[in-house]
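# Observations on chain architecture
The chain contents come next:
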Amino acid sequence: MKFTPSYRREDVEVLKDECVYKGFFEMRKLTLRHRKFNGDWSQPMTREMMVRDDAVCVLLFDPKADKVLLIEQFRPAVLRNSSPWLLELVAGMVEEGEQDEDVARREAMEEAGVEVKRLEYMFKFVPSPGGLVEYLRMYAGEFDASLVDVTRTHGLDDENEDIKLHLMTSQEAIDLLRQDIENASTIMGLQWFALNKTELVKKWQAA
């Protein structure tokens, strides 16, 4: 079954678009109305949205060694948790003029110290469509696990990154789905990997 949205972009009328804050993130205030499912137009409404650049996430996988590489880093937005250090995929925002593959390779080197060989597109998603303007595009990236030094930390000092590496078997990575690992892109990436690992290995072996 293929889902087709009931309406398109032209069924939304933006009456006013204001920037109310601009820093590392941007906050915009929209006044708009949209077509309702009964065919009428909604009343004008106000919605605040946080705007940030699209991002690319990479699940690093060595098909020969059957290993997955994940990273751990501090995240201030989850300070109310028992621990604000999260297990994640390598990821980074798309800068002007960059292609997704450029981001994937750059971030893999910066955050994990590894070179990405082949990339396989997984899917894209909107993390929080009710108030966040951002797409995350997900990839599986091939790397050489024998070159990984888990005793070293990684990340850019000028971005205050302090990243720890976690190298594990693919089954150990998939088994993390039984835990409360909290990070959405990590969960979805591992779910995709659990469903598609066999086909991915066949594809990379055949290439």
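You'll find the structure just up there.
Residues numbered from 1 in each chain as written. Predicted model: local features only at pLDDT ≥ 70, side-chain atom pairs only at ≥ 80, totals over all residues. Heavy atoms only, no water.

To continue, consider the packing of aromatic side chains. Across all of its chains, the model carries seven aromatic pairs by this definition. Look at Phe61 and Trp204: their rings are 6.2 Å apart centre to centre, the planes differ by 25°, and that puts the pair in the stacked class. Of the two residues, Phe61 is situated in strand S4 (residues 55–62) and Trp204 in helix H3 (residues 184–206); the sequence distance between them amounts to 143 residues. For Trp204, a relative accessible area of 5% gives the class buried. On the numbers, 5.5 Å between centres and 70° between planes, the contact of Tyr121 with Tyr139 is edge-to-face. Of this pair, Tyr121 sits in strand S8 (residues 119–125) while Tyr139 sits in strand S10 (residues 136–142), placing them 18 residues apart in sequence. Ring pairing ties together the aromatic residues Phe61, Phe193 and Trp204, which thus form one cluster. The residue whose ring lies beneath Lys124 is Tyr135, and the NZ or CZ to ring-centre distance is 5.0 Å. (Phe/Tyr/Trp six-rings, centres within 6.5 Å; stacked < 30°, edge-to-face > 60°. Helix = DSSP H or I, 4+ residues; strand = E, 2+ residues; numbered from the N terminus. Buried < 20%, exposed > 50% of the residue type's maximum accessible area, 1.4 Å probe, protein only. Lys NZ or Arg CZ within 6 Å of the ring centre and 35° of its normal.)

What follows deals with the sheet that holds strand S2 (residues 26–34). Strand order in this open sheet of four strands is S1-S2-S3-S9, and the pairing throughout is mixed. Unpaired on one side and paired on the other, strand S1 (12–22) and strand S9 (132–133) mark the two borders of the sheet. The pairing of strand S3 (residues 45–51) with S9 spans two bridges and is classified as parallel. Its bridge partner lying in S9, Met50 is registered against Leu132. (Pairing = 2+ DSSP bridges.)

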